[in-house]
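If you want the building blocks of each chain, they are given just below.
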Amino acid sequence: MTLKILLLTAFGGAFVTYFLGKVSSKLRNYFAVFVSLTLFVAVACLYGKSAENFSYFKFFGNTLVLRVNSLSWFFAAAVSAFGALSVIFSLDYMKGKENLDFYYMMMLLVNAAMLGIVFAADLVSFFVFWEIMSWSTFLLISYSGKNALPAGIKYIVMSLIGSMAMFFGILSIYVNFHTLIISEIARGIVSASSGYKIFILVLFGVTFGIKSAVMPLHTWLPDAYTESPTPFSAVLSGMLTRMGVYGFLLFFYVVAGASFFFDIDAGISKFNYILCWLGAITIVIPTFIAMLQNDAKKLLAWHGIGQGGYMILGIAFGTSLGLAGGILHTLNYSICIVLLFMSVGAVEYRCGGVRDLNSLGGLIKKMPVAFAGALLGISGLIGLPLTNSFVSKWLIYKTLILKSHPFLAFAALIGTWGTILSVYKFLHNNFLGELPEKYENIRKSPVSMQIPIIILSSAILLFGILPGIPLKVINTIITSFGFNSLNVNLWGIASETGTLNTINIFTAILIAGSVIWMLFRVGKKSFPVTQDDNYAAGAYVPAGKYNYTADFYAPLFKIVKPYLMDFADKFFGWLCRVFTGFSEGVRKIYAGDVGYYVLYILFFAALLFFVQSGGKSW
Amino acid sequence: MVVSPVLLIAVPLLLAFIAPLCGKAAKYIPPAGALFNLILSVILIPTVLKSPMIVSIGGFPPPFCINLFVGPLGIFFAALISLAGFLISIYALSYIRERAVGKYHTLYLLLLTGATGVVLTGDIFNLFVFYEILCISSYALTAHNAHWHRHGTEAAVKYLIQGSVGSAFILLAIGMLYGFFGTLNMADLAKHIARAHSSVLFIPLTFFIAGFGVEAAIFPLNAWLPDAHSVSPAPISAIFSGIAIEIGVYAIMRVVFTLFGAPLSVMSVLLIVGLLTLLVGEICAFRQNNIKRMSAYSSIGQIGLIVFAFGLATKSGITAGLFQITSHALSKILLFLTIGYMIYSIRMKNYPDKYVTEIEINSLNGLGKKMPLTSLGFAIAAFSLIGFPPFIGFSSKLLIVKAALLKGGIYAVLMGIALIATVIEGAYFLKVVQGIYFRKGEVEGIKENNVFILVPFFILAALIIFAGIYPGILTKILNSSSGELLNRIGYIGRLPG
């Protein structure tokens, strides 16, 4: 019953928000925040509960059911948390824009749909919520108009391709196993032939591959992330794209079953490795493409693709360690990227919508909170020790090394290298270097932006120092998949080849840090300089003369650019042109001459005549 | 004894000829007639579900007289026709104001009469007569704009020419059957055909499909449709798209299933034709700049999907097809009506002295702010046509895919191909939705304030959402309808005497 009420609140809240907006915009804003926070609290209260198959509706005589277990709780908690934070962030960011009633309604609707997805225990509910999520996302991406419109179309077309594949798969399962309930399908599918399993997994693989932007299917993502309103970019990158990861987990480990990966059949094991390699490619190429971007959001968007690769890599391996790493990285990455999008949003908000990395810079003193957020966010993305992603990346590397896949591990390492280069550019060009004169009078980010940034920054450190908090939940998830339990404690993880103890690292860093601090204290006194006090190759640079942020990495660009074409995007673009040309041709069937039209009728009759006579009249 | 279903045909027919006598009040006649039919057919549904009603006309026993066969299928269609007819005529109250207003109402009622007659009759020649009433009033209604510009006339003449070729085929087929068996009663004919071992029976069957196929707009017999649907005024486009072409599909299916017992070769041809119609329709719609032509081509696509579902020739397939007919009727009528109102408002602002019925997609930009309810209606209709939940289009697509997969094998593969059409559909409809809501346009001074126009939007949208969430309300009647189509023996057995 609780789940039903929770979803009703989520969906009902979205619509009520719209109508409240007609009364008063203040009331609407508070209500939206209230709804999203209520949902978070409600989901949090479900912690540790495990209720299977709670029916709530009849659809064509099929019972639709909801359930909560550790997997759905984990994702639901993340969805509602990020949802609430981005609604709070929207308060100031969206102030003064038009159609706000619609905007808040859609934000809450997307959230509600995602909660529906993770709580759905049957495939029709899953699909229905999935589609509601798709179309409301489409509307939100298109919200800003102009460039956002093609981005929206690109998103929805790819999303529809994925949904149709899933639709086909779901009904095929239904027809074969006469049930829609996931746990029953999982029992039934054991007896299915491996060919059928692969067929189903390919169909769902396409769907979730598109949603989580695995490499050749990623092309919708950069535009969509860039063109959405920034708080929604955060939701999009933080959770919506990761619904693909949830889908992978659900279909690979719950529906198809973990045994699928263990009863290794030559044909099937390849499927898993194909996915691993796609994951690896997804790590490497996008992180370098990210480096080339000059739009802050686009840079982050490409990281959204790249980091997704780590998750897929971890999940596709199908070992306790890898799976834990993949799932943990989903959460950790989401925290980082939401934080980064919010920092960009804050900068964008104060600098009049500018995101161009060539023209920003030096905002560190003007917007310290946004800077701190960005710094922690990029540290997280890179995976520096004491940040959350360090743990998840450690788990993934460990898996790759344990399973002796040096090439995949190498790819993952290169990815990290690319990440360092590109996120440094991000940090530097936004916050470091010289402050352009026009931004002299920038004020701090508003409180409604600072709150989410501070919360997320603390989460990065908290989960970095005490990774046991999320890992405990993840441990119950992987044991529910039928994997061995990991030896997890609050400050780390013990595995057969080495132990991770974040408290030790924390202490070590604390000690090293205080030693350095002491050295500075006893050493020569430092003196503060202004931001304009710059030197280039020993020569003094007059203030405002040079902006170091322009053409960052220019020499590197020249070297790598030829190799970093987005071939997939080119290919899809070509496909679209071919299709357009083709449809132009098909259109000519209706040439406008009624004489032809009558001929069509006669030809059709003749053809039918011929077919029906069984060719005898020949 | 409940009321006689004959009234379903007689009342609108009578009203059609009373309408011209009523002068100014003529516009209230069609809603009244359609409402009467709607109420009557809903009252009849429980009775008909128990057992079909046979009404002999003229006092002779069948097969010597014309009889009505009011089964679940017939009453379902009659209810759908009168529902659509009622909502569209309310809309037309204020929409149709110019020129041949009186004639419009007569023709509109005749169209409804013809459509209702086709689905209720049990006599093949009678079916042809009603079919012709439907077609001829359609030709005339297409040319409703003829006073204003020649496109209306041109489209009507093209439609007339193609429609006549089709009718000629049908008449030939009926003549042949009458020649072979000496009867026109469908149950009687079915009995004879079932017993006959003639190798020439495929000729009338072929002619029937080619003839009814013109009205049903299957590929490649549908070239009249984009012209006719786009130049006619919105209520006409809506009734054409929502009802008229579905009647063509009904006629094909009645003949193929009931008279000829659905031979596999015909069904496979219909399946392929349906698939081709779907793909060609959607692909053509993709490249249209004119909003009404785009919707017209989308109708072709949807009809293709309906024919595809029927072509499966299983109970679930036919049920799915009928569900898709309902869903298409509701959604497409809403779509055409909303488009019509948008065009009307733009025209009233920009060219008050010109009669514009079609418009470029770009002209709708930015209307979302000025006409929020109409735009919402359009978006709901478009989403439903694409098949997004929780709208009715999703339920019907679900049933169709399920039916195809139940049949398995090659049918599943063809279904997979058919799903590509959904993606194309999504691409072109959502572009328009984006334009309406998120593009800037010159829409100053446009308002929506006509209650008579907005009420049908509201009812249709409510039905689309309600039936999308509770599709179960339709399953009972649709299941018995598909049962009726498949149960040929039962149909023959109903022949009295």
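Residues numbered from 1 in each chain as written. Chains lettered and ligands numbered in written order. Predicted model: local features only at pLDDT ≥ 70, side-chain atom pairs only at ≥ 80, totals over all residues.

(A) The arrangement of the overall build of chain B in detail. Looking only at helices and strands, chain B features 20 helices and two strands. In terms of C-alpha radius of gyration, chain B reaches 21 Å, essentially the compact-globule figure of 23 Å for 497 residues. With respect to the principal axes defined by its C-alpha atoms, chain B has extents near 70 × 55 × 40 Å. Out of the 497 residues belonging to chain B, those deemed buried represent 65%. Considering only residue pairs separated by 6 or more positions, chain B has 81% of its internal contacts joining residues 24 or more positions apart. (Helix = DSSP H or I, 4+ residues; strand = E, 2+ residues; numbered from the N terminus. Rg over C-alpha atoms; globule rule 2.2 N^0.38 Å. Buried ≥ 20, exposed ≤ 12 C-beta atoms within 10 Å, placed from the backbone. Contact = placed C-beta atoms within 7 Å.)

(B) View of the overall build of chain A. Across its full length, chain A holds 24 helices and seven strands. Here chain A has a C-alpha radius of gyration of 26 Å; the compact-globule value for 618 residues is 25 Å, and the two agree. In terms of principal-axis extent, the alpha carbons of chain A reach across some 105 × 60 × 55 Å. Of all 618 residues assigned to chain A, the portion counted as buried reaches 53%.

(C) Here's a closer look at the confidence of the model for chain B. Model confidence for chain B is summarised by a mean pLDDT of 89, while 97% of its residues fall at 70 or above. Here the complex is predicted with pTM 0.92, and the ipTM for its interfaces comes to 0.92. (pLDDT = per-residue confidence, 0-100.)

(D) The arrangement of the confidence of the model for chain A in detail. Looking at chain A as a whole, the pLDDT averages 85, with 92% of positions reaching at least 70. Ranking the elements of chain A by mean pLDDT puts helix 12 (residues 259-262) of chain A last with 60 and helix 4 (residues 100-119) of chain A first with 93.

(E) Structural detail: helix 2 (residues 25-45) of chain A. Residue and element names in this part refer to chain A. When the terminal C-alpha atoms of helix 2 are compared, their 30 Å separation across 21 residues agrees well with the 30 Å that a helix rising 1.5 Å per residue should span. Among the residues of helix 2, Arg28, Asn29, Phe31, Ala32, Val35, Ser36, Leu39, Phe40 and Val43 are the ones counted as buried. Its buried side turned inward, helix 2 meets helix 1 (2-23), helix 3 (70-93) and helix 4. (Expected span 1.5 Å × (residues − 1).)

(F) Representation of the nonpolar core. Of all hydrophobic cores here, the largest spans 409 residues; its most connected members are Met114 and Leu313 of chain A together with Ile333, Leu334 and Ala382 of chain B. Here this core takes 19 residues from helix 15 (residues 320-350) of chain A, the largest share from any one element. Once residues lying within four places of it in the same chain are set aside, the contact partners of Leu334 of chain B are Gly377, Ile380, Ala381, Phe457, Leu460, Ala461 and Ile464 of chain B. (Core = buried A, V, L, I, M, F, W, Y, C linked by C-beta atoms within 7 Å.)

(G) Layout of the packing of helix 3 of chain A against helix 19 (residues 447-465) of chain A. Residues and elements named next belong to chain A. Contact pair helix 3 / helix 19: the axes reach a minimum separation of 7 Å and the direction vectors enclose 150°. In terms of orientation, helix 3 lies roughly antiparallel with respect to helix 19. Where helix 3 crosses over helix 19, the handedness of that crossing is left-handed. Between helix 3, through Leu85, Ile88, Phe89, Leu91, Asp92 and Tyr93, and helix 19, the contact on the second element is made entirely by Ser448, Met449, Ile451, Pro452, Ile455 and Leu456. Here the contact of helix 3 with helix 19 is composed, by residue class, of 10 nonpolar, one polar and one charged. (Axes fitted to C-alpha atoms, helices over the stretch in contact; angles between N-to-C directions. Parallel < 35°, antiparallel > 145°, perpendicular 65-115°, else oblique. Left-handed = near helix turned anticlockwise from the far one by under 90°. Nonpolar A, V, L, I, M, F, W, Y, C, P; charged D, E, K, R; others polar.)

(H) Structural context of the interface of chain A and chain B. Across the contact, 43 residues belong to chain A and 49 residues belong to chain B. Going through the elements one at a time, helix 5 (123-142), helix 6 (148-177), helix 23 (567-587) and helix 24 (594-612) of chain A are the ones with two or more residues in the side of chain A that touches chain B. In terms of residue count, the dominant contributor to the side of chain A that touches chain B is helix 6 of chain A (14 residues). Counted by class, the side of chain A that touches chain B contains 31 nonpolar, eight polar and four charged residues.

(I) A look at helix 9 (residues 224-231) of chain B. Judged by how many residues are buried, helix 9 of chain B sits mostly within the fold: eight of eight residues are covered. All buried positions along helix 9 of chain B are accounted for by Trp224, Leu225, Pro226, Asp227, Ala228, His229, Ser230 and Val231 of chain B. On the buried face of helix 9 of chain B, the contacting elements are helix 24 of chain A together with helix 5 (124-142), helix 6 (150-181), helix 10 (234-259) and helix 12 (291-311) of chain B.

(J) Quick peek at the environment of Lys407 of chain B. Assignment of secondary structure puts Lys407 of chain B in helix 16 (residues 392-407). For the pair Lys407 of chain B and Gly317 of chain B, spaced 90 residues apart in the sequence, the C-alpha separation amounts to 8.9 Å.

(K) Here's a closer look at the packing of helix 6 of chain A against helix 17 (residues 410-438) of chain B. Taken N-terminus to C-terminus, the directions of helix 6 of chain A and helix 17 of chain B make an angle of 150°; their axes are 9 Å apart at the nearest point. Accordingly, the angle class assigned to the pair helix 6 of chain A and helix 17 of chain B is roughly antiparallel. The hand of the helix 6 of chain A/helix 17 of chain B crossing is right-handed. Between helix 6 of chain A and helix 17 of chain B, the residues in contact are Leu149, Gly152, Ile153, Ile156, Val157, Leu160, Ile161, Met164, Phe167 and Phe168 of chain A and Gly416, Leu419, Thr422, Val423, Gly426, Ala427, Leu430, Lys431, Gln434 and Phe438 of chain B, respectively. Looking at the contact of helix 6 of chain A with helix 17 of chain B residue by residue, the classes come out as 14 nonpolar, five polar and one charged.

(L) Looking closely at the pairing of strand 2 (residues 66-70) of chain B. All names here are of chain B. Within strand 2, four of the five residues are buried, which leaves the element mostly enclosed by the surrounding structure. Summarising the sheet, strand 1 (residues 53-57) and strand 2 pair through five bridges and their orientation is antiparallel. Residue pairing across strands places Met53 opposite Val70, the latter belonging to strand 2. (Pairing = 2+ DSSP bridges.)

(M) Here's a closer look at the environment of Leu466 of chain A. Residue and element names in this part refer to chain A. When you line up the elements, Leu466 lands in the loop between helix 19 and helix 20 (468-480). Along the sequence, Leu466 and Ala324 sit 142 residues apart, while their C-alpha atoms lie 15 Å from each other. Look past the residues within four positions of Leu466 in its chain and what remains in contact with it is Leu490 and Trp491.

(N) Here's a closer look at unusual backbone geometry. Here the residue pair Phe219 of chain B and Pro220 of chain B is connected by a cis peptide bond, since its omega of 0° sits within 30 degrees of zero. You can see Pro220 of chain B is positioned in the loop between helix 8 (202-216) and helix 9. Put simply, Pro389 of chain B and Pro390 of chain B share a cis peptide bond, and its omega is 0°. Even without being glycine, Lys146 of chain A reaches a positive phi, approximately 45°. Taking the number of C-beta atoms within 10 Å as the measure of exposure, Lys146 of chain A has 12 and is therefore exposed.

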